[in-house]
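Observations on the model geometry
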Amino acid sequence: EEKLCSTILSLGEVSIENENYSQAVEDIQSCIKKLESLPKDSRIIAEAKYQLGVAQGFNSQYDEAVESLNSAISIIKERMKNIKAGAMEEMTEITELEALIPEIEEKIADTKDMKKEAEAKTEEGADGIISSSAKGDSKNVPSIAVKSKKFVAEKEKTAAAS
């Protein structure tokens, strides 16, 4: 749908260059109708509204041209606002990632403790002593989904080579 509209928008631009303004207005308006399913802050909609305003201006539809151009500005401003809001989401992600670091450090400490317990168990096992870990005491082990793309890609290469 978006590619079709881009093509229609290009036809509208050609009509403007050929001074066939009424055809340009018609083409660009049909393009805008096809874009109604896209997000309201879509850049292609802003571009289409801009081109429509230009075509309407050349076609002596001055009031409509101003309205279309103002609409393009509104769409661009909305997009900028949404991108800035998206930056806040990125900040939230950073905060979440920072919170993971202590959890991972805690897991490192737990792992070192488990290693010490296993070593002690091995030594005690030789002496016939059973530790509390062997009786079934268990710790909650939180899962943290932190895998790098490089790690995943190496796993996939290894699996593919097998």
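In case you missed it, the structure is sitting above this.
These notes cover the structure that comes with them. The written sequence of each chain sets the order in which its residues are numbered from 1. With pLDDT at 70 or above as the cut-off, local features in this predicted model cover only qualifying residues; side-chain atom pairs require 80 or more to be listed or tallied, and sums for whole chains, interfaces and linings still use all residues. Only hydrogens and water are removed before side-chain values are computed, so all heavy atoms of the structure are retained for them.

Considering the packing of helix 1 (residues 2-17) against helix 3 (residues 43-58)
Operational definition: Simply put, an axis is a line fit to the C-alpha atoms, just over the touching stretch for a helix, and the angle between two N-to-C directions goes from 0 to 180 degrees. Helix numbering and strand numbering both begin at the N terminus, where a helix is a DSSP run of H or I of at least 4 residues and a strand a DSSP run of E of at least 2. In these notes the angle categories are as follows: under 35 degrees is roughly parallel, over 145 is roughly antiparallel, 65 to 115 is roughly perpendicular, and the rest is oblique. In this scheme the crossing of two helices becomes right-handed for a clockwise turn of the near helix relative to the far one and left-handed for an anticlockwise turn of less than a right angle. Any two residues having at least one pair of non-hydrogen atoms within 4.5 Å are treated as being in contact. In this classification, the charged set is Asp, Glu, Lys and Arg, the nonpolar set is Ala, Val, Leu, Ile, Met, Phe, Trp, Tyr, Cys and Pro, and all remaining amino acids, among them Gly, are polar.
Where helix 1 meets helix 3, the axes come as close as 11 Å, and the angle between the chain directions of the two elements is 20 degrees. Here helix 1 is positioned roughly parallel relative to helix 3, judged by the angle of their axes. Two packed elements cross with a definite hand, and for helix 1 against helix 3 that hand is left-handed. Between helix 1, through Glu 2, Ser 6, Leu 9, Glu 13 and Ile 16, and helix 3, the contact on the second element is made entirely by Ile 44, Glu 47, Ala 48, Gln 51, Val 54, Ala 55 and Phe 58. Along the lines of polarity and charge, the residues of the contact of helix 1 with helix 3 split into seven nonpolar, two polar and three charged.

Concerning the packing of helix 1 against helix 2 (residues 21-34)
Put simply, helix 1 and helix 2 touch, their axes get as near as 8 Å, and they point 165 degrees apart. The pairing of helix 1 with helix 2 is recorded here as roughly antiparallel in orientation. The chirality of how helix 1 crosses helix 2 is left-handed. Of the residues in helix 2, those touching helix 1 at Leu 4, Cys 5, Ile 8, Leu 9, Leu 11, Gly 12, Ser 15 and Ile 16 are Tyr 21, Gln 23, Ala 24, Asp 27, Ile 28, Ser 30, Cys 31 and Lys 34.

Comments concerning the packing of aromatic side chains
This is how the line gets drawn: Pairing of aromatic rings covers Phe, Tyr and Trp, the last through its six-membered ring, and needs centres within 6.5 Å; plane angles under 30 degrees mean stacked, over 60 mean edge-to-face, and all others mean tilted.
This structure, assessed with the given rule, holds one aromatic pair. Ring geometry for Tyr 21 against Phe 58: centres 5.1 Å apart, planes inclined by 20 degrees, an arrangement best described as stacked. Here Phe 58 lies in helix 3 and Tyr 21 lies in helix 2, a separation of 37 residues in the sequence.

So, the state of the cysteines
How we decide: Two cysteine sulfur atoms form a disulfide, by the criterion used here, when they sit within 2.5 Å. Only protein chains enter the accessibility calculation, which uses a 1.4 Å probe; a residue whose area is less than 20% of its type maximum is buried, one above 50% is exposed, and one in between is partly exposed.
Enumeration according to the criterion identifies one disulfide in this entry. For Cys 5, the disulfide goes to Cys 31, at an S-S distance of 1.8 Å. Across the disulfide from Cys 5 to Cys 31, rotation about the S-S bond amounts to roughly 70 degrees, and the bridge is consequently right-handed. One end of the pair, Cys 5, is in helix 1; the other, Cys 31, is in helix 2, and 26 residues separate them in sequence. Judged by its relative accessible area of 0%, Cys 5 is buried.

Let's talk about unusual backbone geometry
The phi dihedral of Glu 19 falls on the positive side, at around 60 degrees, and the residue is not glycine. Along the polypeptide, Glu 19 turns up in the loop between helix 1 and helix 2. Despite not being glycine, Ser 60 shows a phi value in the positive range, around 65 degrees. The residue Ser 60 is located in the loop between helix 3 and helix 4 (62-127) in this model. Its relative accessible area of 47% is what places Ser 60 among the partly exposed residues.

A closer look at the nonpolar core
Rule in force here: Working definition of a nonpolar core: buried Ala, Val, Leu, Ile, Met, Phe, Trp, Tyr and Cys residues. They are joined through side-chain atoms within 4.5 Å.
Ranked by size, the top nonpolar core spans 19 residues in total, and within it Ile 16, Ile 28, Cys 31, Leu 35, Ile 45, Ala 48 and Ala 55 carry the most contacts. Residue contacts for Ile 45: discarding those within four places in its chain leaves Leu 35, Leu 38, Pro 39 and Ile 75.

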